[in-house]
Amino acid sequence: MKKHYSLLFAFFMAFLSLLVSCDEIENYKITIISTEGGKAEIYGTIETSVYVPVDNWIQVSAISDDGYGFVGWFIGDDSEPVSTEEIYVFKAKKDVTLTAKFAKFTTLSLRAEGYGTVSIRDLPETSITALAGTEVAVVAIPEEFYEFIGWFIGDSDTPVSTDAEYTFTLTENVVLTAKFKDYPSVSIKSTKNGTVSFKDSSDDAKFVLPGTEELNIPLDC
């Protein structure tokens, strides 16, 4: 019986020693949250907060909903993510709250009205799907004797930009139309009593560049 009590006492002292040693270990609180469009998980638990001993490894995972994509893991108000990997493994160095940010997939389509070509810079496509918040550059190139007017959305008469190369942030599905117009032209003719021509040209019709104030038309009577 005495031996039995001795074993119990030894077990109790060992357990007490373990509690004391655990209290001496520095632990950090790791918390995960997520934005709309997905969820975040800590490997090995269904909890969203855990205490991890200093320098221990921890793994977190981001899972996107349909129609959304993962942007990155962010700390506080930081604008740059600490990782853009859906599975992120790191060491516990301090208390930290990680936010898994998600964004909707959006589609950009380009159209041309008039004589000219449109493209997404550095890409052959005129349509792309990307995460909301993606910066995109589009390019409009008018054909000869045509000029670029601007980029338009929908039925708006006001362009969002008059720059042939336009950079913007994609926030929603959008159809962007580049509008072109031809230069004005001048035609000349003569009566039977004389001839007319453009200076240095035998043409009887000519496109006029915007801003031209004067045409020099010599007469040969």
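What counts, and where the lines are drawn
- Residues numbered from 1 in each chain as written.
- Predicted model: local features only at pLDDT ≥ 70, side-chain atom pairs only at ≥ 80, totals over all residues.
- Heavy atoms only, no water.
- Helix = DSSP H or I, 4+ residues; strand = E, 2+ residues; numbered from the N terminus.
- Contact = heavy atoms within 4.5 Å.
- Areas by Shrake-Rupley, 256 points an atom, 1.4 Å probe, with all protein chains shown as cover.
- Pairing = 2+ DSSP bridges.
- Axes fitted to C-alpha atoms, helices over the stretch in contact; angles between N-to-C directions.
- Phe/Tyr/Trp six-rings, centres within 6.5 Å; stacked < 30°, edge-to-face > 60°.
- Lys NZ or Arg CZ within 6 Å of the ring centre and 35° of its normal.

A. Structural detail: the overall build of the protein. Regarding its fold elements, the protein presents one helix and 17 strands. For the protein, the proportion of contacts with a sequence separation of at least 24, taken over those separated by at least 6, is 58%. Looking at the protein as shown, the accessible area adds up to about 15,200 Å², and 52% of this sits on carbon and sulfur atoms.

B. View of the sheet that holds strand 10 (residues 134-142). Strand order in the open sheet formed by three strands is 8-10-12, and the pairing between neighbours is antiparallel. A strand with exactly one partner marks an edge of an open sheet, and here the two such strands are strand 8 (116-120) and strand 12 (165-170). Direction aside, neighbouring strands of the sheet carry axes that sit 20° apart on average. The sheet contact formed by strand 8 and strand 10 spans five bridges and is antiparallel. Counterpart to Val-118 in the pairing with strand 10 is Ala-140.

C. Examining the sheet that holds strand 4 (residues 57-64) more closely. Taking strand neighbours across the sheet as the criterion, the three strands line up as 2-4-6 in an open arrangement whose pairing is antiparallel. A single partner strand is all that each edge strand has here, and the edge strands are strand 2 (38-42) and strand 6 (87-91). Pairwise comparison of adjacent strand axes, ignoring direction, gives a mean angle of 20° for this sheet. Taken together, the five bridges between strand 2 and strand 4 define a ladder with antiparallel strand orientation.

D. A look at the packing of aromatic side chains. Within the structure shown, the criterion is met by seven aromatic pairs. If you follow Lys-179 out to its NZ or CZ, it ends over the ring of Phe-152, 4.3 Å from the centre.

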